[in-house]
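Residue-level structure breakdown
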Amino acid sequence: MSEKQRKAVALISGGLDSLLAARVIQEQGIHVEGINFFTGFCVEGHTHAIRKKDQAKPKRNDALWVAEQLGMPLHIVDIVEEYKDIVINPRHGYGANLNPCLDCKVFMVKKALQWMHEHGFDFIITGEVVGQRPKSQRADTMPVVAGESGAEDLLLRPLCAKNLPPTLPEREGWVDREQLFDFSGRTRKPQMALAERLGLEDYASPAGGCCFLTDEAYSRKLADLWQYRGERRYELDDVMLLKVGRHIRPAPNFKLIVGREEGENRFLEGYRKRYVAIRTLSHPGPLVLVDGEPTAEDLELAARITARYSKGRTAAEVEVELSDHGGEPWRRTVEPLAPDRIPEEWYL
Ligand code: SF4
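None of these values were measured; they are calculated from a predicted model. (Residues numbered from 1 in each chain as written. Predicted model: local features only at pLDDT ≥ 70, side-chain atom pairs only at ≥ 80, totals over all residues. Heavy atoms only, no water.)

On to the sheet that holds strand 10 (residues 318–324). On the basis of which strands lie adjacent, the open sheet formed by six strands has the order 6-7-9-8-10-11 and antiparallel pairing. Two strands lie at the open edges of the sheet, namely strand 6 (246–251) and strand 11 (330–334), each paired on one side alone. Across the sheet, the mean angle separating the axes of adjacent strands is 25° when strand polarity is ignored. Bridging between strand 8 (residues 276–280) and strand 9 (residues 287–292) involves four bridges; their strand directions are antiparallel. (Pairing = 2+ DSSP bridges. Helix = DSSP H or I, 4+ residues; strand = E, 2+ residues; numbered from the N terminus. Axes fitted to C-alpha atoms, helices over the stretch in contact; angles between N-to-C directions.)

We now examine the side chain of Arg308. Along the polypeptide, Arg308 turns up in helix 12 (residues 296–308). Salt bridges are absent for the buried Arg308, whose nearest opposite-charge side chain, Asp340, sits at 8.9 Å. Each residue touching Arg308, except ones within four places of it in the same chain, is listed here: Arg313, Pro336, Leu337, Pro339 and Ile342. (Buried < 20%, exposed > 50% of the residue type's maximum accessible area, 1.4 Å probe, protein only. Lys, Arg positive; Asp, Glu negative; His and termini not counted. Salt bridge = Lys/Arg side-chain N within 4 Å of Asp/Glu carboxyl O. Contact = heavy atoms within 4.5 Å.)

This part covers the sheet that holds strand 5 (residues 155–156). Strand order in the open sheet made by the five strands is 3-2-1-4-5, with parallel pairing throughout. Of all the strands in the sheet, just strand 3 (74–78) and strand 5 have a single pairing partner and so form its edges. In terms of strand pairing, strand 4 (residues 123–125) meets strand 5 through two bridges, oriented parallel. Residue pairing in the sheet places Ile124 in a bridge with Leu155 of strand 5.

What follows covers the packing of helix 5 (residues 101–118) against helix 6 (residues 142–149). Running from N to C, helix 5 and helix 6 cross one another at 45°; their axes reach a closest spacing of 8 Å. With respect to helix 6, the element helix 5 is oriented oblique. The element helix 5 and its partner helix 6 pack so that their crossing is right-handed. From helix 5, Leu102, Lys105, Val106, Val109, Lys110 and Leu113 reach across to helix 6, where they touch Val144, Val145, Glu148 and Ser149. Of the residues assigned to the contact of helix 5 with helix 6, the class counts are six nonpolar, one polar and three charged. (Parallel < 35°, antiparallel > 145°, perpendicular 65-115°, else oblique. Left-handed = near helix turned anticlockwise from the far one by under 90°. Nonpolar A, V, L, I, M, F, W, Y, C, P; charged D, E, K, R; others polar.)

What follows deals with helix 5. Note that an α-helix has 3.6 residues per turn; residues three or four places apart therefore point the same way. Counted at 1.5 Å a residue, the expected span for helix 5 with its 18 residues is 26 Å, and the 26 Å between its end C-alpha atoms agrees. Among the 18 residues in helix 5, 14 count as buried, and that is most of the element. Positive phi appears at Gly120, one or two residues downstream of helix 5, with a value of about 70°. (Expected span 1.5 Å × (residues − 1).)

Moving on to the packing of helix 4 (residues 80–88) against helix 5. How two helices sit against one another is set out by the angle between their axes and by the gap between those axes. With their axes 9 Å apart at the nearest point, helix 4 and helix 5 run at an angle of 150° to one another. Between helix 4 and helix 5, the crossing angle belongs to the class labelled roughly antiparallel. Taken as a pair, helix 4 and helix 5 cross one another with a handedness that is right-handed. Of the residues in helix 5, those touching helix 4 at Glu82, Tyr83 and Ile86 are Asp103, Cys104, Phe107, Met108 and Lys111. Among the residues making up the contact of helix 4 with helix 5, the classes are represented as five nonpolar, no polar and three charged.

What follows deals with the site of the ligand. Taken together, Tyr83, Pro100, Cys101, Cys104, Lys105, Cys210, Cys211 and Thr214 are the residues near the ligand. Top contributing element to the shell around the ligand by residue count: helix 5, with three residues. The residue makeup of the shell around the ligand, split by class, is six nonpolar, one polar and one charged. (Near = heavy atom within 4 Å.)

Counting residues in hydrophobic clusters, the biggest one holds 38 residues, and the most contacted among them are Phe41, Tyr83, Ile124, Leu213, Leu222 and Tyr234. Mapped by element, the contributors of at least two residues to this core are strand 1 (7–11), strand 2 (31–38), helix 4, helix 5, helix 6 and helix 9 (216–229). The leading source of residues in this core is helix 5, at 10 residues. With residues up to four places along the chain from it excluded, the contact list for Phe41 reads Tyr83, Val87, Cys211, Phe212, Leu213, Tyr218, Leu222, Tyr234, Val239 and Lys243. Ala8, Met72, Phe123 and Trp174 belong to the second-largest nonpolar core, a separate cluster that totals 34 residues. (Core = buried A, V, L, I, M, F, W, Y, C linked by side-chain atoms within 4.5 Å.)

As structure tokens, this is what we get:
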């Protein structure tokens, strides 16, 4: 009787590590399928697709690209709602910014475990490497992810397996431990060498986190949102908008989101019915959304800031159009605010 075909589900972020992990397990004759979790904070594809200056970079969903390279199915799972609790109340706290990496890993492995059982798969693979990330990938936190997720020894990390106790797939001989790796630490060289050996090129930037929560500027904007809302809460639209434009908060009750270029203006256009929106008429300029509860006086200031970011910034007057949540627009003529009247601390 032939051996049962073993099946593994691989967590795919779109980065190099998860790509390599899936590939080395495929090479051992295991059937591998990928799973990618959409949290709303994911980096891949999004900003490149919006911003003109990034147009030279390939506009692709890196997780899908990885799946294509490996010739494996990819399951994209929307976890936006459930993930909120991880971001808002991480049991293990945050990393350097608002990144709840350890809780996030536990949660994703737990979801993958559930998926594994539902689909009759045998084990889980991740691209984690001991010592690579200060919080979630330390020698002492690797067992936390395996334990708290409930995956225990069904969780195999092919890139650093030799530094960890043998997992069930290794003990059962489904995979050959000898062909796995002992990578550790922050260096990316072994991964790059392995990629080369496997003939993989053009993979997504190997450094950095897999989501915007590791980004300092992004986390600052999220913290600002929570502070001025008076509660730690967010919707998907909020987290998408934090990725786009220049964010300026002149007062606690309102902030401006100023499109920095054509692509961002177009993106913001999709949100104009949910905010007060300002655009310039007499000169080319940005689309600006006003978030919060601005007074008439605040809107005057917002219109002057909008004028400052238009081609009419040095003109005596700029005509602008305002609309409130997609309602009947009205026009104003304003004097652009001089740049030195916009204090540094207004910029988020
Ligand atoms: S960088 Fe973001 S997606 Fe990656 S583990 Fe940390 S919180 Fe999760």
